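# Per-entry structural report
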Amino acid sequence: MRISLNWLRELVEIKLSPEELAETLTMAGFEVEDIEDRRTWANGVVVGKVLERQPHPNADKLSVCQVDIGAGETLNIVCGAANVKADIYVPIATTGTYLPNIDLKIKPAKLRGVPSQGMICSLKELGLPTDVDGIHIFTQENLPLGSDVRPLLGLDDVILDLTATANRADALSMVGVAREVAALTGGKLSIPEPGEVSISKNTGNLTLKIADTQACPAYIGTVIEQVKIAPSPEWLQQRLRAAGVRPISNVVDITNYVLLEWGQPLHAFDRDRLKSVASSESLTIGVRFANNGESLKTLDGQTRTLSTQNLLITTNDRPVALAGVMGGEETEVHEGTESLVLEAALFDSVAIRHSSRSAGLRSEASGRYERGVNRAELEIANRRALSLISELASGIIVQQEIADTRPDPSTWSRSIALRLDRVNQILGPIDLGEDTGELQGQDVERILTALGCQLTPSGEDSNHQPTWSVAVPPYRYRDLEREIDLIEEIARLYGYNRFCDTLPEKSEGGYLPLDEELIRKLRAFLRAEGLTELIHYSLVKPGEDREIVLSNPLFAEYSALRNDLLSGLIDAFQYNLEQGNGSLNGFEIGQIFWREEDGLQETEALAGIMGGDRTVGKWSKGGREEPVTWFEAKGTLESVFRQLALQVEFQPDCRDNRLHPGRTASLWIRGNRLGIFGQLHPQLRREKGLPDSVYVFQLDLDVLLESLGEDEVLVPAFQPYSTYPASDRDIAFFAPVKISVSEIEKVITKAGKDLLESVELFDEYRGENVPEGQRSLAFRLIYRASDRTLTEAEVEPVHNKVREALVEKFGVNLRS
């Protein structure tokens, strides 16, 4: 929220400089993001009067003006504005003046041969918004020449851009910030107390019908006649501009002014337009939730289709406004408005939040209702607006109707028990210079009283420390609920920097949890294989089986939780291809979610995608692409597993219809399913426009980490190596295609376990001279002993045992 210090000074005594005040507010939890010193925008700009205007002798669009700035002699100034004329008061930037908004320093100059001793300024050149194309002309008469223009333009001000925390709804108003400043600095408050407004008739044709009193606990409707719509006075326009609000007309500006001053949103309807919508002279203002399919054209010009989450203001049951969010265009105040219905209401914060999100519309009003508007000051804000409308728009109040279901005012405050012993226990010692101490009872009473709380001593606790019963003011009812909230306020106002810093007596070196260390190692191995880490949103489009759909999504395309990582990786691969970035080789670690009969489930998964030509230097291959093969992609995974010292088994699998049924494998570790690896299905590749060779994998990270965390994997054990030479043997045979190489390797390893050191497949052949349904496989077996050089007599029996085991187990036809 933008805070004008000139306006704030009218509400509270300020003795600090803008920089000191900004520091004080920031240290108290109200971050000041920017200090906008408007005083520098027109430093050196004074009031001048154009005495004479003559056309420039050498330029059709320039004028030569004689300007009096009260300095004894007139200035000769060349001006290019079309609206300059004699006998007007204008802002003059004198020689030596710097205008920061246009980065210009005024110097004596000659324009088309005529000397110019300054510049007549427009509001844009002084940093102010304006619809006038030309110089600014003061409307006031008999202004003192040579006087500073900044008070006339509202530039004798400093603006603090302040951010309040979500729990401080009261700080979204000038009055709330003034109370905070008073509590922090001890300044005297001067909050305006509007008097009672007089109702001249109190008879009329307005009635109220609140269908949902929980969503709208209080509604005040006031009929005002004989209104004269006109521009607001300059002081009001300046305050709105300083707050970042565009002035429109006196009535609309007053509702915005009260919103900024008290934090209470208001809305003014044109009564005649309400009657037109209602098709009746009698008006029944109602509050209800919308029916599906109803529509409303809001003030921003958009026609919105409503849902049952939208809370409406109606006239004779016809929608005229989104309650607490934005008014309707059909009933807005315009230049010809003569009578009003002023709305001042309280709406439930949850109802407004749902309504605002459902409509995809946020406003200054909805932002305040969502945080919670002070229910105790509704009437004060309403009276303030009515008194200003009477004063600035000549309005006459003829009727006021109130629908109020708020609880009794005695419940608008609460009493909280507070213990000094607990305060010091939570906050710790305070810094007293060379010594330390504790907060005293008078410190607590001073701070909380400054916040508007009423403290009543309630005796002492078991440690003979004082206790109090603290009555919270109504405007802090929402965020001061428990003893710990009061303790936080004490620390905030006493000053966080005034408490002692305490460090651990003995420092220890930091360490990573085992799971995090293993995940970092896994990431490093995947990156070393040439895969780039990717991060996607957990929110996806709905439509999958067992998917968890959000009840309050931000957008329809992000309304469900992902139940796997592969879909996002496939989309990313397609997007990179379309953008000309080539094939994507990447991996992702993230949460996946799904729905089961016993509830909602969540786990962490690892997935990856590989495709295209991963080699560098295609000149050596004549520029030809060499797509990665199934075995190369599988080898990437196996390389990672090998570095992690994991024995992972690949088994044929065809359960995922996104993957090729003949080129997909499930992964297993010691009987636990680890995940899946395979090539994308040709049909999916055609739909997505992907190359032929795209491979994906998805692993259950919990299963992987559990296997990595076992001692035999986690703690590497030294294995002595043999200094004696090896003896190698080759074995070749015809085997049925349905028998996997991994099954054959298991049988070979088991049969030759005493001397067999390693098994390696080095050849596969299918075709001529190979029986149908079979393939020719050739393995190289390495035999070695750790204590001797093996002889032929020792190797041959073991090798024969391997041959016999293969024939017995698989019925292979040995070729060697």
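Just so we're clear, the structure is a prediction, and the values are computed from it rather than from any experiment.

### Some thoughts on helix H16 (residues 630–643)
- With 14 residues, H16 extends 20 Å from end C-alpha to end C-alpha; this agrees with the ideal 20 Å at 1.5 Å per step.
- Every buried residue belonging to H16 is among Trp-630, Ala-633, Lys-634, Thr-636, Leu-637, Ser-639, Val-640 and Phe-641, and all of these are buried.
- Positioned one or two residues after H16, Ala-645 has a phi angle of 60°, which is positive.

### So, the packing of aromatic side chains
- Evaluation of the coordinates by the stated rule reveals ten aromatic pairs.
- Seen in terms of ring centroids, Trp-7 and Tyr-257 are 4.8 Å apart; in terms of plane orientation they differ by 5°. Their pairing is stacked. Of this pair, Trp-7 sits in helix H1 (residues 5–11) while Tyr-257 is found in helix H6 (residues 250–262), placing the two residues 250 residues apart along the sequence. Each member of the pair, Trp-7 as well as Tyr-257, carries the same accessibility label: buried.
- Considering the side-chain rings of Phe-733 and Phe-779, the 5.8 Å spacing of their centres and the 15° angle between planes classify their relative orientation as stacked. Here Phe-779 lies in strand S41 (residues 774–783) and Phe-733 lies in strand S39 (residues 727–736), a separation of 46 residues in the sequence.
- For Phe-733, a relative accessible area of 0% corresponds to the buried category.
- Here the aromatic cluster, defined as three or more aromatic residues joined through ring pairs, consists of Trp-630, Phe-631, Phe-650, Phe-677 and Tyr-695.

### A short note on helix H2 (residues 18–27)
- Listed as buried for H2 are Pro-18, Leu-21, Ala-22 and Leu-25. Taken around the axis of H2, the buried residues stretch over an arc of 100°, which confines them to a single face.
- In the stretch just after H2, Gly-29 is the one whose phi turns positive, near 100°.

### As for the sheet that holds strand S30 (residues 539–540)
- Pairing in this open sheet of three strands is antiparallel, and the strands run S30-S32-S31 from one edge to the other. At either end of the open sheet lies a strand with only one pairing partner, and these are S30 and strand S31 (548–549).
- Pairing between S31 and strand S32 (residues 560–561): two bridges, direction antiparallel. If you follow Ile-548 over to S32, its bridge partner there is Leu-561.

### Points about the packing of helix H12 (residues 441–450) against helix H13 (residues 483–494)
- At a minimum axis separation of 10 Å, H12 and H13 run at an interaxial angle of 90°. When the interaxial angle is binned, H12 and H13 end up roughly perpendicular. Listed contacts from H13 to Asp-443, Val-444, Arg-446, Ile-447 and Leu-448 of H12 are Leu-486, Glu-489, Ile-490, Leu-493 and Tyr-494.
- Classifying every residue of the contact of H12 with H13 by side-chain character gives seven nonpolar, no polar and three charged.

### Here's the deal with the sheet that holds strand S4 (residues 63–68)
- Judged by pairing direction, the sheet is antiparallel, and its five strands sit side by side in the order S5-S4-S3-S6-S11 without closing on themselves. Both edges of this open sheet fall to strand S5 (75–79) and strand S11 (119–120), since each of them pairs with a single strand only.
- Judged from the six bridges that link them, strand S3 (residues 45–55) and S4 form a sheet pairing that is antiparallel. Counted as the bridge partner of Glu-52 is Gln-66 from S4.

### Some details on the packing of helix H5 (residues 234–242) against H6
- Axis separation between H5 and H6 bottoms out at 10 Å; the angle between their running directions is 55°. In terms of axis orientation, H5 runs oblique to H6. Handedness of the crossing formed by H5 with H6: left-handed. Facing Trp-235, Leu-236, Arg-239 and Leu-240 of H5, the residues of H6 in contact are Asp-253, Ile-254, Asn-256, Tyr-257 and Leu-260.
- Of the residues belonging to the contact of H5 with H6, the class tally is six nonpolar, one polar and two charged.

### Here we look at the environment of Ile-120
- Its place among the elements puts Ile-120 in strand S11.
- Ile-120 gets classed as buried once you look at its relative accessible area, which sits at 5%.
- Other than its neighbours up to four places away in sequence, Ile-120 contacts Val-50, Cys-65, Val-67, Ile-77, Cys-79, Val-84, Val-90, Pro-91, Ile-92, Glu-125 and Ile-135.

### A look at the pairing of strand S24 (residues 415–419)
- Side chains of S24 alternate between two faces, with Ile-416 and Leu-418 buried and Ser-415, Ala-417 and Arg-419 left unburied.
- Pairing between S24 and strand S28 (residues 466–471): five bridges, direction antiparallel. Considered in S28, the bridge of Arg-419 is made with Thr-467.

### Describing the pairing of strand S38 (residues 694–700)
- Across the seven residues that make up S38, a large majority, six, are buried.
- As judged from the seven bridges shared by strand S34 (residues 599–611) and S38, these two strands associate in the antiparallel manner. Of the residues in S38, the one forming a bridge with Gly-611 is Val-694.
- As paired strands, strand S37 (residues 672–680) and S38 are joined by five bridges and run antiparallel to one another. In the sheet register, Gln-679 faces S38, and the bridge partner there is Tyr-695.

Thresholds applied
Residues numbered from 1 in each chain as written. Predicted model: local features only at pLDDT ≥ 70, side-chain atom pairs only at ≥ 80, totals over all residues. Heavy atoms only, no water. Helix = DSSP H or I, 4+ residues; strand = E, 2+ residues; numbered from the N terminus. Expected span 1.5 Å × (residues − 1). Buried < 20%, exposed > 50% of the residue type's maximum accessible area, 1.4 Å probe, protein only. Phe/Tyr/Trp six-rings, centres within 6.5 Å; stacked < 30°, edge-to-face > 60°. Arc of directions from axis to C-beta. Pairing = 2+ DSSP bridges. Axes fitted to C-alpha atoms, helices over the stretch in contact; angles between N-to-C directions. Parallel < 35°, antiparallel > 145°, perpendicular 65-115°, else oblique. Contact = heavy atoms within 4.5 Å. Nonpolar A, V, L, I, M, F, W, Y, C, P; charged D, E, K, R; others polar. Left-handed = near helix turned anticlockwise from the far one by under 90°.

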